[in-house]
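Architecture and fold: a report
Each chain, letter by letter, is given below.
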Amino acid sequence: MYFPKSQKADKELKAVCYNTAYGIYGKTLPYTVLNRLEAELKIITQKGYSLIFMIMQKAVAFSESRGYHTNPRGCVGNSLAAYFSGISNINPLPPHYICSKCHHAEFPNNKTAYSHYDLPDAFCPVCGAEMSKSGYDLNYEFLFGADGNKIPDIDINFSDKIRDEVCEYLKTTFCDFQFMSLGHPTGFMIIPKGSDISDFLPFEKKNASIEDLKYNDFKDIIYRFDFVPVSALTEYKYIEELTGIPITAVKPTKEVFKLLSSQSKDILIRTGASCIPEFNKQFLQILTAKVSPTSFTEIVGLVELTNSIGAWEDNAEALINSGIIELASIPSSPDDIMNFLINKGFNRKRAYEIANFIRLGYSVKSGYSEKWNQIVSEMNRCEIPDWFTKYCGKIQYLSPKSYAIIRSSLAVTMAWYKIYYPTEFYCAYFSVNYCPEEKKAYEIALIGKGAMKEYLEENYPESVTTDEEKYKKDICELLLIFYEAFSKGIKLLPPDPLKSHKTDFLPEKGAIKFPLSLKAEI
């Protein structure tokens, strides 16, 4: 597969990574940090992946400089090099303590800590300052493969407001390359300037026109970069500006976990998690209400389980109900399985191979029973608990843990704002999701709670089979959010030529001021 390379990028990536590492851990890096970083950089530089990392690093840095946060997708968060270079905001090292004052770090052997949120508070034994906590215990093999032969699939979520601007920035920054997009809104390929896209095609497709080519024609031929537009990241910017509280200052609280699992007696509100990213999925809402998570680790576990196949029903659910294991200890991700096997005596390479085998559902696929029986024999020799082996033997697919962490962090952050800054939260939500075609909803919302309730009870469609029913449902879904806000005591104010913003909803003394763009609509 072709992907852009540059020896200059090797030095640049190393410099960025080490400078960040020194800034966090001091000039003498702890062995755990140094060993992991050197191992990853060795793979990246020897295999020629440095420029891929630097392209992503500059893209993320540009977006962040404009005030728009980003999120890594897939297994990008498993890489320490991605974390130190700024591509990822997930520290994949085991949960540990860091002193921001003297840089002293401690890596406790705490097998009950699945993320830094599970560590108890501690003070620095060197200078006495309160220590910060970091780390999620993720394995880089899921990004690079066991021997580093897997080309890292580095995809990033960008705000939908900045994504196209980021692409234009990259074109001017990496002017020795040309950027190609073929009918896929999120992805593009980078090839040397002066090259023709057909140069990379097999002989039988050399004469195909550019209009007829699809991304699948280049699968395993040219590396694809994916920049995915996500509106929730636009909400981040809005809500930071409205509250003055950066998302980095937000920490999970008991109230946040309670909100995410809460159910309302008002059937029109249904759940406290409305408008919260990821928690708009009914299965996750049901699961969260049933389990009532009380920690970030449990939230991550539920997100993993609901994005996996064969992991919850008649599997993890039965283990929890029977008291065999608690939710926080369920190996709900490939990383959990790999770490579990390592702790039981498997070497890293074999633990990864088995975890990846299970992740892809090969234990239940036809044609792989002999390999699975061999794995079961290995597990038995290492005295792996019977429940663990049976659990793994039912899995059809497991989602990456690092992406579940990102999804959970997004949900927890937005839930925190919803609790402590509800007016600003709703303003950000309505501004980002504003749709002029749904003017009827805005009209009804301004009339009042009674009008909203009446319309919802009379018009919410039980099923959607026509365009008209879809339109009605869109109106109703928007009204449900206005109804929820109104039920919290937040008033809705009509557009004001002197106070309203042109397109954004603004907070005004605990009320929501509608934008001027709606004045003509209402």
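For the structure itself, look to the data block above.
Residues numbered from 1 in each chain as written. Predicted model: local features only at pLDDT ≥ 70, side-chain atom pairs only at ≥ 80, totals over all residues. Heavy atoms only, no water.

**Here we look at the overall build of the chain**
Along the chain, the regular secondary structure elements total 20 helices and 11 strands. On C-alpha atoms alone, the chain measures out to a radius of gyration of 25 Å, which is about the 24 Å that the 2.2 N^0.38 rule sets for 522 residues. Classification of the 522 residues of the chain by burial places 52% in the buried group. Long-range pairs, those at least 24 residues apart, make up 68% of the contacts in the chain with a sequence separation of at least 6. A total accessible area of about 24300 Å² is found for the chain, and carbon and sulfur atoms account for 49% of it. Where the 59 positive side-chain charges of the chain centre and where its 64 negative ones centre are 3 Å apart. (Helix = DSSP H or I, 4+ residues; strand = E, 2+ residues; numbered from the N terminus. Rg over C-alpha atoms; globule rule 2.2 N^0.38 Å. Buried < 20%, exposed > 50% of the residue type's maximum accessible area, 1.4 Å probe, protein only. Contact = heavy atoms within 4.5 Å. Areas by Shrake-Rupley, 256 points an atom, 1.4 Å probe, with all protein chains shown as cover. Lys, Arg positive; Asp, Glu negative; His and termini not counted. Charge placed at Lys NZ, Arg CZ, Asp CG, Glu CD.)

**What to know about the pattern of salt bridges**
Summed over all chains, the structure comprises 22 salt bridges. A salt bridge links E378 to R350, with the nearest nitrogen and oxygen atoms 2.6 Å apart. Within this pair, whereas E378 is found in helix α14 (residues 369–381), its partner R350 is found in helix α13 (residues 348–359), the two being separated by 28 residues in sequence. Judged by its relative accessible area of 23%, R350 falls in the partly exposed class. Notably, a salt bridge pairs E508 with K513, separated by 3.8 Å at the nearest N-O pair. Exposure remark for E508: the relative accessible area of 23% places this residue in the partly exposed category. Residues participating in the shared-partner salt-bridge network are D496, K499, E508 and K513. (Salt bridge = Lys/Arg side-chain N within 4 Å of Asp/Glu carboxyl O.)

**Digging into the sheet that holds strand β4 (residues 132–134)**
Within the open sheet, the three strands sit side by side as β3-β2-β4. Their pairing is antiparallel. In the strand order of this sheet, the two ends are held by β3 (105–106) and β4, each with one partner. Relative to β4, strand β2 (residues 96–98) runs antiparallel, the two sharing three bridges. Following the sheet pairing, H96 is matched in β4 by S134. (Pairing = 2+ DSSP bridges.)

**Remarks on the nonpolar core**
Grouped together as the largest cluster of nonpolar side chains are 163 residues, with contacts concentrated most on F53, M379, F482 and F505. In terms of residue count, helix α16 (residues 401–420) provides more of this core than any other element does, 11 residues in total. Ignoring any residue separated from it by four or fewer positions in sequence, one finds M379 in contact with L341, F346, I354, I358, W372, I384, F388 and T389. Within the second largest apolar cluster, eight residues are counted, among which are A113, L119, C124 and A129. (Core = buried A, V, L, I, M, F, W, Y, C linked by side-chain atoms within 4.5 Å.)

**Quick word on α14**
Counted at 1.5 Å a residue, the expected span for α14 with its 13 residues is 18 Å, and the 18 Å between its end C-alpha atoms agrees. Where α14 is concerned, the buried positions are W372, I375, V376, E378 and M379. Down the axis of α14, the buried set is contained in an arc of 160 degrees. They therefore lie on one face. What points out from α14, more than 90 degrees from its buried face, is the exposed set E370 and R381. Tucked inside the fold, the buried residues of α14 contact α12 (334–343), α13 and α15 (386–392). (Expected span 1.5 Å × (residues − 1). Arc of directions from axis to C-beta.)

**Here we look at helix α3 (residues 50–65)**
Along its 16 residues, α3 runs 22 Å from first to last C-alpha, staying within 8% of the 22 Å computed at 1.5 Å per residue. Judged by how many residues are buried, α3 sits mostly within the fold: 12 of 16 residues are covered. For α3, every residue scored as buried is listed here: S50, L51, I52, F53, M54, I55, M56, Q57, A59, V60, F62 and S63. One or two steps after α3, the chain reaches G67, where phi turns positive at roughly 90 degrees.

**Quick look at the pairing of strand β8 (residues 224–230)**
Burial within β8 is extensive, with five of its seven residues counted as buried. Two elements, strand β5 (residues 155–159) and β8, share five bridges in a ladder whose sense is parallel. Counterpart to I156 in the pairing with β8 is F227. In the sheet, strand β7 (residues 187–192) pairs with β8 via three bridges, with the strands oriented antiparallel. The partner of M189 across the bridge, within β8, is R224.

**Side note on the packing of helix α7 (residues 231–243) against helix α17 (residues 422–432)**
Axis separation between α7 and α17 bottoms out at 9 Å; the angle between their running directions is 140 degrees. Classified by the angle between their axes, α7 and α17 sit oblique to one another. Viewed along their axes, α7 and α17 form a crossing whose handedness is right-handed. Note on element contacts: α17 touches α7 through E424, F425, C427, A428, Y429, S431 and V432, opposite S231, T234, E235, Y238, I239, L242 and T243. (Axes fitted to C-alpha atoms, helices over the stretch in contact; angles between N-to-C directions. Parallel < 35°, antiparallel > 145°, perpendicular 65-115°, else oblique. Left-handed = near helix turned anticlockwise from the far one by under 90°.)

**Topic: the environment of I191**
Following the sequence through the fold, I191 ends up in strand β7. Judged by its relative accessible area of 0%, I191 is buried. With 11 residues separating them in the primary sequence, I191 and M180 have C-alpha atoms 7.7 Å apart. Those residues in contact with I191 that sit more than four places away from it in its chain are Y2, F177, Q178, M180, D196, I197, F200 and I222.

**As for the environment of I269**
Relative to the elements of secondary structure, I269 occurs in the loop between α8 (254–261) and α9 (282–291). The residues touching I269, leaving out its near neighbours within four places in the chain, are S264, Y483, E484 and S487.

**Section: the packing of helix α18 (residues 439–447) against helix α20 (residues 467–487)**
At their nearest, the axes of α18 and α20 sit 9 Å apart, and the two run at 35 degrees to each other. Relative to α20, α18 is oriented so that their crossing is right-handed. Taking contact as the criterion, the partners of K440, A441, Y442, I444 and A445 in α18 are, on α20, Y471, I475, L478, L479 and F482. Partitioning the contact of α18 with α20 into residue classes produces nine nonpolar, no polar and one charged. (Nonpolar A, V, L, I, M, F, W, Y, C, P; charged D, E, K, R; others polar.)

**Section: the sheet that holds strand β11 (residues 511–513)**
Neighbouring strands of a sheet are bound in pairs by backbone hydrogen bonds; such pairs are parallel or else antiparallel. Read from one edge of the open sheet, three strands run β9-β11-β10, paired in mixed fashion. Where the open sheet ends on each side, the last strands, each with one partner, are β9 (491–493) and β10 (506–508). For this sheet the average axis-to-axis angle between neighbouring strands, irrespective of direction, equals 35 degrees. Of the strand pairs in this sheet, β9 and β11 are connected by three bridges, and their pairing is parallel.

**Comments concerning the side chain of E240**
Its location among the elements puts E240 in helix α7. In this structure E240 is buried but unpaired, with K237 as the nearest side chain of opposite charge at 7.0 Å. Here H69 takes part through its side chain, which lies 3.0 Å from a polar atom of the side chain of E240. Here E240 is in contact with H69, I245, P246, I247 and Y417, once residues within four sequence places are set aside. (Polar contact = N/O pair within 3.5 Å; in protein donor to acceptor, adjacent residues only side chain to side chain.)

Coordinates in, geometry out; function isn't part of it.
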